[in-house]
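# Architecture at a glance
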Amino acid sequence: QVQLAESGGGLVQAGGSLRLSCAASGRTFSIYSMGWFRQAPGSEREFVAGISRSGAVKYYLDSVKGRFTISRDNAKSTVYLQMNSLKPEDTAVYYCAAPLSTGLPGRREREYDYWGQGTLVTVSS
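Residues numbered from 1 in each chain as written. Predicted model: local features only at pLDDT ≥ 70, side-chain atom pairs only at ≥ 80, totals over all residues. Heavy atoms only, no water.

Attention now goes to the overall build of the protein. The helix and strand inventory of the protein stands at 0 helices and 11 strands. In sequence order, the protein lays out its α and β elements as β-β-β-β-β-β-β-β-β-β-β. Here the C-alpha atoms of the protein give a radius of gyration of 13 Å, agreeing with the 14 Å that 2.2 N^0.38 yields for 125 residues. Oriented by its inertia axes, the alpha-carbon framework of the protein measures out at about 40 × 25 × 25 Å. Split into buried and exposed, the 125 residues of the protein put 43% on the buried side. Of the accessible surface of the protein, which amounts to about 6200 Å², a share of 46% is contributed by carbon and sulfur atoms. Charged side chains in the protein number 14 positive and 10 negative. The centres of these two groups are separated by 7 Å. (Helix = DSSP H or I, 4+ residues; strand = E, 2+ residues; numbered from the N terminus. Rg over C-alpha atoms; globule rule 2.2 N^0.38 Å. Buried < 20%, exposed > 50% of the residue type's maximum accessible area, 1.4 Å probe, protein only. Areas by Shrake-Rupley, 256 points an atom, 1.4 Å probe, with all protein chains shown as cover. Lys, Arg positive; Asp, Glu negative; His and termini not counted. Charge placed at Lys NZ, Arg CZ, Asp CG, Glu CD.)

This is how it looks when you write it as structure tokens:
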């Protein structure tokens, strides 16, 4: 059974930075893409970033391009989301997600089968 555990959320002022981590277990981490999603209060969950199994291919939500960076350490079975220049509109619960199949990272929720419990990021103005 695949398990995903996020950490690193918290309260930060606008303009600040946070790094989220997601530790995976239960299968060979290095052959699967990974993704980060977020859900703000009253909103649907949205794709934030995705990374291929090697790390060579990365996708981002337009509003986070240039501010957020997704990366992975296959030796540690961990995917990261470095978030810089945070804005109040980045406030949300952030989830990491993993697909059942191998291939390039998807941008839609239905392309992911395993989800972490989420970590709350709050950006104050």
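The structure having been displayed, the exposition proceeds.
One pass over the structure, following the stated rule, counts 4 aromatic pairs. Ring-pair connections join several aromatic residues into one group, and the members of that group are F37, F47, Y112 and W115. If you follow R45 out to its NZ or CZ, it ends over the ring of W115, 3.8 Å from the centre. (Phe/Tyr/Trp six-rings, centres within 6.5 Å; stacked < 30°, edge-to-face > 60°. Lys NZ or Arg CZ within 6 Å of the ring centre and 35° of its normal.)

Moving on to the nonpolar core. Ranked by size, the top nonpolar core spans 28 residues in total, and within it L4, W36, L81, M83 and Y94 carry the most contacts. At the level of secondary structure, the elements contributing two or more residues to this core comprise β3 (18-25), β4 (34-39), β5 (46-51), β7 (68-73), β8 (78-83), β9 (92-98) and β11 (119-124). Contact partners of L81, with chain neighbours within four places excluded, come to L18, R19, L20, W36, V48, A49, F68, T69, I70 and Y94. (Core = buried A, V, L, I, M, F, W, Y, C linked by side-chain atoms within 4.5 Å. Contact = heavy atoms within 4.5 Å.)

Here we come to the state of the cysteines. This structure, assessed with the given rule, holds 1 disulfide. Note on cysteine connectivity: C22 is disulfide-linked to C96, with sulfurs 1.9 Å apart. As the torsion about the S-S bond is roughly 45 degrees, the C22-C96 disulfide counts as right-handed. Pair noted here: C22 is in strand β3 and C96 is in strand β9, with a separation of 74 residues, a long-range link. This pair shows no difference in class: C22 is buried, exactly as C96 is. (Disulfide = S-S within 2.5 Å.)

Looking now at unusual backbone geometry. Of note, the phi angle at S77 is positive, near 50 degrees, even though the residue is not glycine. Inspection of the secondary structure assignment puts S77 in the loop between β7 and β8. Residue S85 is not a glycine yet carries a positive backbone phi of 50 degrees. Checked against the element boundaries, S85 lands in the loop between β8 and β9. For S85, a relative accessible area of 39% gives the class partly exposed.

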